[in-house]
Amino acid sequence: MMIKNEYISCPYLESGISFKKNSIDFCCVAHSNNKGCTKICSYEGGEIPINEILDRRQQVISSIQKNENTSCKGCYLLEKRSWENLNNKFTNIILAYPDICDLSCNYCYVSKYNNKLLHSFGLDYDILDTFKSMAKNNLFAHNALVLLAAGEPTLHKKFDAIVEFSTNYNLLVTVCSNGVSYKNSIMKGLESNKLFLICSIDAGTSEVYSQIKGRDKFDVVIRNLKQYALAGERRGVQVKYIFTNENSNGSQVNEFINICVENKFNKIIISRNFTSHGVHATENKIDLPPAMIEGIIYMIELLVQFRLEFDISAEAFRSEEVELLEKLYITKNDENVPLKQIWLKSKYKHYYHHQ
Ligand code: SF4
Ligand code: SF4
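Just so you know, these numbers come straight off a predicted model, no measurement behind them. (Residues numbered from 1 in each chain as written. Chains lettered and ligands numbered in written order. Predicted model: local features only at pLDDT ≥ 70, side-chain atom pairs only at ≥ 80, totals over all residues.)

Caption draft 1: Just the overall build of the chain, in detail. Secondary structure assignment for the chain yields twelve helices and 14 strands. Every one of the 355 residues in the chain was classed for burial, and the buried ones make up 41%. Taking all contacts inside the chain whose residues are at least 6 apart in sequence as the whole, residues at least 24 apart take part in 74%. (Helix = DSSP H or I, 4+ residues; strand = E, 2+ residues; numbered from the N terminus. Buried ≥ 20, exposed ≤ 12 C-beta atoms within 10 Å, placed from the backbone. Contact = placed C-beta atoms within 7 Å.)

Caption draft 2: Up close: the environment of G250. If you trace the backbone, G250 turns up in helix α9 (residues 250-263). According to the C-beta neighbour criterion, G250 is partly exposed, with 14 such atoms within 10 Å.

Caption draft 3: Representation of the site of ligand 1 in the model. Near ligand 1 you find 13 residues, and of these C10, C27, V29, C72 and C75 are the closest. Class assignment for the residues of the shell around ligand 1 results in ten nonpolar, three polar and no charged. (Near = placed C-beta within 6 Å. Nonpolar A, V, L, I, M, F, W, Y, C, P; charged D, E, K, R; others polar.)

Caption draft 4: Representation of unusual backbone geometry in the model. Phi is positive for K264, which is not a glycine, with a value near 55°. Topologically, K264 is positioned in the loop between α9 and β13 (267-272). Non-glycine residue R307 carries a positive phi angle of around 55°. Tracing the chain through its elements places R307 in the loop between α10 (290-305) and β14 (309-312). By the C-beta count within 10 Å, which is 8 here, R307 ends up exposed.

Caption draft 5: How the structure looks around the pairing of strand β10 (residues 172-176). Extensive coverage of β10 is indicated by the burial of four of its five residues. As paired strands, strand β9 (residues 140-148) and β10 are joined by four bridges and run parallel to one another. Residue V146 lies in a different strand from β10, and its bridge partner there is V173. When β10 meets strand β11 (residues 195-200), the two strands line up parallel, connected through four bridges. In the strand pairing of β11, T174 is matched with F196. What joins β10 to β11 is helix α6 (residues 184-191), and the crossover it makes is right-handed. (Pairing = 2+ DSSP bridges. Right-handed = clockwise from strand over helix to strand, strands pointing away.)

Caption draft 6: Up close: the packing of helix α4 (residues 127-136) against helix α5 (residues 159-168). Running from N to C, α4 and α5 cross one another at 15°; their axes reach a closest spacing of 9 Å. Here α5 runs roughly parallel to α4, going by the angle between their axes. Remark: the crossing between α4 and α5 carries left-handed chirality. Contact residues: I127, L128 and F131 in α4; A161, I162 and F165 in α5. By residue class, the composition of the contact of α4 with α5 is six nonpolar, no polar and no charged. (Axes fitted to C-alpha atoms, helices over the stretch in contact; angles between N-to-C directions. Parallel < 35°, antiparallel > 145°, perpendicular 65-115°, else oblique. Left-handed = near helix turned anticlockwise from the far one by under 90°.)

Caption draft 7: The arrangement of the sheet that holds strand β2 (residues 16-19) in detail. Strand order in this open sheet of ten strands is β6-β3-β2-β8-β9-β10-β11-β12-β13-β14, and the pairing throughout is mixed. Strands with a single pairing partner mark the edges of an open sheet, and in this sheet they are β6 (39-42) and β14. In this sheet, neighbouring strand axes are inclined to one another by 20° on average, regardless of whether the strands run parallel or antiparallel.

Caption draft 8: Seen up close, the environment of K158. Locating K158 in the fold gives a position in the loop between β9 and α5. Along the chain, K158 and I127 lie 31 residues apart, while their C-alpha atoms are 7.4 Å from each other. When near neighbours in sequence (up to four residues on either side) are disregarded, K158 contacts I127 and L128.

Caption draft 9: Just helix α2 (residues 50-65), in detail. Across its 16 residues, α2 extends 23 Å between first and last C-alpha, which sits within 8% of the 22 Å expected from 1.5 Å per residue. Of the residues one or two after α2, N67 is the one with positive phi, at around 60°. (Expected span 1.5 Å × (residues − 1).)

Caption draft 10: How the structure looks around the pairing of β2. Here β2 shows no split at all, with G16 and S18 on one side and I17 and F19 on the other all buried. Relative to strand β8 (residues 90-95), β2 is paired through four bridges, and the arrangement is parallel. Following the sheet pairing, S18 is matched in β8 by I94. Pairing geometry for β2 and strand β3 (residues 23-25), over two bridges, is antiparallel. Paired with S18 across the strands is D25, a residue of β3. Linkage of β2 to β3, two consecutive antiparallel strands, is achieved through a turn of three residues.

What follows is the structure, encoded as structure tokens:
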């Protein structure tokens, strides 16, 4: 293994590729109020332009060293260290479209464009062909990660084929799904321990779920997740709670945790709605409403009480906010839970779902 010198970069610049409708990007990370998702070039299918990718990678990394104003500037994933030379192989492969969804969460950009994008749905290039040509050209790194997200990925016409191809090829797949449709391909992937599912529930009752997500699919989603959670020794399913104004109260949190305990949803992700008010994780300020702070602290108390594993979304909370939560938790409970460490650890985990 050849190690390069120390310089500022991120895992996605080094070995990421994110497929969009008409382009490829390095990542699907949004940061600093509308920056991020750094573009590589236009793309409409076929063999991926590896030389163009390498040139663009070099160009962006070089601009970052000079502190020039790139779309990466300010990103919380940049760090100075040695980076492994992966010999042009990709470790983070992201399928960041279809950009449509059958829910309309009030915090999500996709729901704003659903109708418009539905008309153009179906014009996409054949992503399965792309994956096959990448395999033929030996472009997947060992144990590379495939993230299927952005919109509802199960609505993509090649969803099952991509999951099947990736797991057969020994790639690890993360699916961010709203859980409305039950998919055999997800179940099979979970059973093989090569697929991880992340699903935002965001509520403890169907009333609040409908309020946030625009459709009453609460019972259907819980039923599907209950099935999925049984697979692969209960290791593959993570449920997410995106705190919003509607669900920060104690009773919603309580109901949600009851559902997790009852159905053995053992891995929880705590997030918050940050798109609506333009929060950026590296800005140096605290912007959590008091009711949300109370709701989060209460959820952590319950998670600790029921010994449920949890992550704190590094995209959704700033360092100062997590420090405040940790301090308040200690003051209230007279015991320490290392929230800052949990938050730091989740920085590079795949849990992207627009939040
Ligand atoms: S630094 Fe941030 S915006 Fe730039 S490629 Fe990496 S993750 Fe994407
Ligand atoms: S957050 Fe996910 S489930 Fe909700 S509208 Fe957006 S894509 Fe759909």
